[in-house]
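# Structural features, examined
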Amino acid sequence: HSVFALHLTAKHSERREALRGTLNLVDLAGSERLERSGATGARAKEAVSINKSLSCLTDVFVAIGKKAGHIPFRNSKLTYLLQPCLSGDGKTLMVVNLSPTEESAQESLCSLRFASHVNKCELGKARKQIEGVNDEGKNSVPSPAKAAGKTVKRLQSSTISAALRNKKLKFGK
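Residues numbered from 1 in each chain as written. Predicted model: local features only at pLDDT ≥ 70, side-chain atom pairs only at ≥ 80, totals over all residues. Heavy atoms only, no water.

## A closer look at helix 3 (residues 77–86)
Put simply, the rule reads: When accessible area is computed with a 1.4 Å probe and restricted to protein chains, residues below 20% of their type maximum are described as buried, those above 50% as exposed, and intermediate ones as partly exposed. Segments assigned H or I by DSSP are reported as helices when at least four residues long, segments assigned E as strands when at least two residues long, and all are numbered from the N terminus. Regarding the arc, it is the one traced by the directions from the helix axis to the C-beta atoms. Contacts are assigned to residue pairs that have any heavy atoms within 4.5 Å of one another.
Along helix 3, the positions that sit buried rather than exposed are L78, T79, L82 and L86. Buried residues of helix 3, viewed axially, fall in a sector of 75 degrees; they line one side. On its buried face, helix 3 is in contact with strand 1 (2–12), strand 2 (17–27) and helix 2 (41–65).

## Regarding the pairing of strand 2
Rules: Strand pairing is assigned whenever DSSP identifies at least 2 bridges connecting the two strands.
Both strand 1 and strand 2 contribute to a ladder of eleven bridges, which runs antiparallel. What sits directly across from T9, in strand 2, is R20. Following strand 1, the chain reverses through four residues before pairing antiparallel with strand 2; R16 in that reversal takes a positive phi of roughly 60 degrees. Pairing geometry for strand 2 and strand 3 (residues 129–132), over four bridges, is antiparallel. Looking across to strand 3, one finds that A18 is bridged to E131.

## As for unusual backbone geometry
Located in the positive-phi region is R16, a residue other than glycine, with phi close to 60 degrees. Here R16 lies in the loop between strand 1 and strand 2. Positive phi values are uncommon outside glycine, yet K67 reaches one of about 55 degrees. Relative to the assigned elements, K67 resides in the loop between helix 2 and helix 3. Relative accessible area serves as the criterion here: at 60%, K67 is assigned to the exposed category.

## Description of a nonpolar patch on the surface
Where we set the bar: Each patch is built from salt-bridge-free residues with over 30% relative accessible area, joining like charges within 9 Å and nonpolar side chains (Val, Leu, Ile, Met, Phe, Trp, Tyr) within 5 Å. The Shrake-Rupley method, run with a 1.4 Å probe sphere, supplies the accessible areas, and residue values consider only the shown protein chains as cover. Any carboxyl oxygen of Asp or Glu within 4 Å of a side-chain nitrogen of Lys or Arg constitutes a salt bridge here.
Together, F4, L6, L8, L23 and L25 make up a nonpolar patch on the protein surface, roughly 450 Å² of accessible area in all. Within the secondary structure, L25 is located in strand 2. For L25, a relative accessible area of 46% gives the class partly exposed.

## Points about the side chain of S76
Here S76 is to be found in the loop between helix 2 and helix 3. For S76, a relative accessible area of 11% translates into the label buried. With sequence-adjacent residues up to four places away left out, S76 is seen in contact with S53 and C56.

## Here's the deal with the nonpolar core
What counts here: Put simply, buried Ala, Val, Leu, Ile, Met, Phe, Trp, Tyr and Cys residues joined by side-chain atoms within 4.5 Å make one nonpolar core.
Counting residues in hydrophobic clusters, the biggest one holds 14 residues, and the most contacted among them are L57, V60, F61, I64, I71 and L86. When contributions to this core are tallied by element, the ones reaching two or more residues are helix 2, helix 3 and helix 4 (105–119). In terms of residue count, the dominant contributor to this core is helix 2 (five residues). Residues in contact with I64, not counting those within four places in the same chain, are I71, L86, C121, E122 and L123.

## Focus: the side chain of T79
With respect to the helices and strands, T79 occurs in helix 3. Sequence-distant contacts of T79, that is, excluding residues within four places in its chain, are made with C56, L57, V60, P72, F73 and R74.

## Points about the sheet that holds strand 1
Filter applied, for reference: To get an axis, fit a line to the C-alpha atoms, keeping to the stretch in contact for a helix; angles then go from 0 to 180 degrees between the N-to-C directions.
Spatial ordering of the open sheet is given by 1-2-3, a layout of three strands whose pairing is antiparallel. Each end of this open sheet is capped by a strand with a single partner; those strands are strand 1 and strand 3. Pairs of neighbouring strands in the sheet enclose a mean axial angle of 25 degrees, with direction left out of account.

## A word on the packing of aromatic side chains
The condition that has to hold: Each Phe, Tyr or Trp ring, with Trp reduced to its six-membered ring, pairs with another whose centre is within 6.5 Å; inter-plane angles below 30 degrees give stacked pairs, above 60 give edge-to-face pairs, and intermediate values give tilted ones.
Overall, the coordinates contain one aromatic pair when judged by the stated rule. Here the aromatic rings of F61 and F114 are separated by 6.0 Å at their centres, their planes lie at 80 degrees, and the arrangement is edge-to-face. Here F61 is found in helix 2, whereas its partner F114 is found in helix 4, with 53 residues between them in sequence.

The following block contains the structure:
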């Protein structure tokens, strides 16, 4: 998967307010059928990991759609990272790419089922993130973007630590 987060801040000096927003662009890796791809070894393990995170994301969307009391954001790093934008403070848009080939009909059907779960979710009305600004022009309230940045850094360091423990991180050629 690929996640790009753009954190925006607009300051109004006369009102002494700062408006914050975050745009998350997420490219989800497609699910893979191991028997179709013929993947083995590390590639097969990566495919299993991708499928697990997509399954966890589906669980989150199903729970949100059912308005469940508990949303399983902590079941994967992806859902944990996306928790702020899926918790009711923002809007979500999903674009599904389907293959026109007959051989990909099963994967396309799975993608459409996933999109159907997403479509059943109501996250609520997006809320403005307005903070007070002190005399020096600095925010008097900690930024949600800083908290999200700390979460990303913590997830990156845990991923790197796990990769080093498993000796999967390769340097050079």
